[in-house]
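Structural features, examined
Each chain, written out:
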Amino acid sequence: MCTTVIKKTYVNEMLLIILVSFTCVTTTGICEACGNQVDNYDYDLTTEAKVVNYLTDIVQYKQGYNKLTRPNIGKGIVEVGVNIGIVSIGEINDEDMSFTTDMYLRLWWNDPRLAYNIFNIPRGSITVGSFMLDYLWRPDVFFSNSISTEVFMDPMPNSYIVVSSNGDINMSQRVSIRTRCPFDFTNYPMDIQTCTIQLESYGFDSRDLVLKFRQRNNKNIGVEIIGGEVEFTQYWGLNNSDFILEENEAEYFGRWFSYLSIIITFKRRTSAYIVTVYLPLTLAVVMSWIAFWVDRKALPARAALTITTILIVITIALNTYTRLPNVAYINALDITFAIAFIFVFCSLIEFLLVCHFGKKYDDKFAINGTQQNTENNKNSHHVTTSRNGCCEINRDIATYIDNVSKYLFPSTYAIVTAIYFCLYQFILPK
């Protein structure tokens with residue numbers, strides 16, 4: 001019995017020894033694999049990951065860095081390079097005189113406190129996430145003439161930072177701004193609107209910070225259109241050569257601040273107005289001249305034709321003004337409707353004059369016919385001759401008015417129209 005118990009104990013001990021040995025061998029293999037991964041991770045940390053950790057330690061734990069103070073304080077001015085990549089310009093609103101621009105705002109500056117020349121980075125720079133924006137000093141630039149500004153945050157913040165080994169920083173954000181623009185509708189709808197997007201420093205004056213448009217190979221690249229061109233429905237499209245860039249300074253409360261201006265010129269398309277306004281008005285005016293060729297005795301036809309043209313001009317004016325901005329001064333479109341209304345109203349006056357002299361001729365001709373049947377031959381012959389002379393004069397005046405109007409109205413309208421378009425197309429825009 002004892003022998004059996006000893007054998008069982010021996011067997012259990014051997015099994016336990018074998019199990020422990022197998023466990024040690026397996027654990028050793030796993031540890032070696034883990035050790036290789038750790039070594040690889042350490043290798044990664046010696047490159048970009050270690051630089052990120054280094055920069056994070058500097059800005060978060062303030063190891064010689066304070067985001068409340070600008071770079072080179074007390075040593076020199078911070079020069080901020082600016083580049084704006086325009087994605088799109090929203091439809092220009094004539095009523096509230098504003099337009100919306102979707103853009104990439106890119107800023108460059110140097111902060112020696114973030115230099116990491118001690119590390120050997122093949123690319124010379126490293127991209128960090130937008131989380132570091134809250135820990136870095138940034139230029140306090142803003143759009144001074146904007147109504148509202150929005151930074152894109154969907155699905156993640158649309159921004160990044162690139163830090164170079166020498167401390168050069170490039171920050172990029174996608175923003176949308178709504179900018180006011182003092183429109184001048186004097187030449188509407190042949191107007192040219194000049195608008196400005198203005199970027200300046202809010203708190204740092206020109207003794208601390210200067211804004212400059214970015215340059216590449218001695219070429220100004222301050223503004224670029226992503227895609228090369230922007231199209232509109234009411235205005236002609238824009239390309240990169242249509243922007244005027246200016247670098248200036250402005251004085252506020254005795255301090256001078258650096259600011260950048262992007263001047264944009266919008267030229268309105270007039271083709272739609274030619275089809276919907278100018279051509280119908282011209283046809284209405286020409287239609288009023290048809291009455292000059294209608295027999296003066298056809299009073300209902302001439303009256304209907306003249307009054308109809310007046311109503312057409314009024315209807316076109318009412319339909320057009322419903323979609324125009326309300327301004328307190330006269331514009332080119334007001335002059336257009338005034339010219340058309342004056343000409344059709346003059347046609348009405350011409351019709352009344354012809355009716356007036358024609359009616360005198362008809363009335364006196366009827367009186368003469370009656371008197372010839374009642375008076376004696378001698379007296380009747382004298383009166384008829386006298387009154388027929390008056391009738392002939394009245395008839396000739398009515399005919400003369402019609403004949404002159406057939407040529408006077410078209411030629412005068414052509415001259416006035418030519419002067420109008422020359423004035424608003426070539427002279428006033430300059």
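Conventions used here
- Residues numbered from 1 in each chain as written.
- Predicted model: local features only at pLDDT ≥ 70, side-chain atom pairs only at ≥ 80, totals over all residues.
- Heavy atoms only, no water.
- Helix = DSSP H or I, 4+ residues; strand = E, 2+ residues; numbered from the N terminus.
- Buried < 20%, exposed > 50% of the residue type's maximum accessible area, 1.4 Å probe, protein only.
- Contact = heavy atoms within 4.5 Å.
- Areas by Shrake-Rupley, 256 points an atom, 1.4 Å probe, with all protein chains shown as cover.
- Salt bridge = Lys/Arg side-chain N within 4 Å of Asp/Glu carboxyl O.
- pLDDT = per-residue confidence, 0-100.
- Expected span 1.5 Å × (residues − 1).
- Axes fitted to C-alpha atoms, helices over the stretch in contact; angles between N-to-C directions.
- Parallel < 35°, antiparallel > 145°, perpendicular 65-115°, else oblique.
- Left-handed = near helix turned anticlockwise from the far one by under 90°.
- Core = buried A, V, L, I, M, F, W, Y, C linked by side-chain atoms within 4.5 Å.

**Here we look at the overall build of the protein chain**
A tally of regular secondary structure across the protein chain gives 6 helices and 16 strands. Every one of the 430 residues in the protein chain was classed for burial, and the buried ones make up 37%. Within the protein chain, counting contacts between residues at least 6 apart in sequence, those at least 24 apart form 76% of the total. Just so you have it, the protein chain exposes about 25,100 Å², and 61% of that area is on carbon and sulfur atoms.

**Considerations on the pattern of salt bridges**
Two side chains bearing opposite charge may form a pair once their charged atoms approach each other closely. Enumeration according to the criterion identifies 12 salt bridges in this entry. The salt bridge involving arginine 207 is made with aspartate 205; its shortest N-O contact spans 2.8 Å. Overall, aspartate 205 belongs to the buried group, its relative accessible area being 2%. For the salt bridge of glutamate 350 with arginine 302, the shortest nitrogen-to-oxygen distance reads 3.3 Å. Of this pair, glutamate 350 sits in helix 5 (residues 332-374) while arginine 302 is found in helix 4 (residues 299-321), placing the two residues 48 residues apart along the sequence. Here the residues in one salt-bridge network are Asp94, Asp191 and Arg268, joined through shared partners.

**Quick word on the confidence of the model for the protein chain**
When the pLDDT values of the protein chain are averaged, the result is 81; 80% of them are 70 or greater. Between residues 15-45, whose pLDDT stays under 50, and residues either more than four places distant or in other chains, the model counts 4 contacts. Counting contacts from residues 364-387, a segment whose pLDDT is below 50, to residues more than four positions away or on other chains yields 17 contacts.

**Some remarks on helix 4**
For the α-helix, the turn length of 3.6 residues means that residues three or four positions removed from each other point alike. Helix length check: helix 4 (23 residues) gives 34 Å between terminal C-alpha atoms against 33 Å at 1.5 Å per residue, within 8%. For helix 4, the set of buried residues is Arg302, Thr306, Thr309, Ile310, Val313, Ile316, Ala317 and Thr320.

**Comments concerning the packing of helix 3 (residues 271-289) against helix 4**
Look at helix 3 against helix 4: their axes get within 9 Å of each other, and the N-to-C directions meet at 170 degrees. Considered as vectors, helix 3 and helix 4 are oriented roughly antiparallel to each other. Between helix 3 and helix 4 lies a crossing of left-handed hand. Along the contact surface, helix 3 presents Thr276, Val277, Pro280, Leu281, Ala284, Met287 and Ser288, while helix 4 presents Leu305, Thr308, Thr309, Ile312, Val313, Ile316 and Thr320.

**Notes on the nonpolar core**
Judged by nonpolar contacts, the single largest core of 83 residues is most densely connected at Val82, Phe99, Leu114 and Phe266. It is helix 5 that contributes the most residues to this core, 9 residues altogether. Setting aside chain neighbours within four positions, we find phenylalanine 99 in contact with Ile89, Ile92, Ile177, Arg178, Thr179, Cys181, Cys195, Ile197, Ile264 and Phe266.

**A short note on the environment of valine 128**
Within the secondary structure layout, valine 128 lies in strand 3 (residues 125-128). In this structure valine 128 comes out as buried when scored by relative accessible area, which is 5%. Each C-alpha atom, one on valine 128 and one on isoleucine 161, is 5.5 Å from the other, the two residues being 33 residues apart in sequence. Contacts of valine 128, omitting those with residues within four sequence positions, involve Val52, Tyr160 and Ile161.

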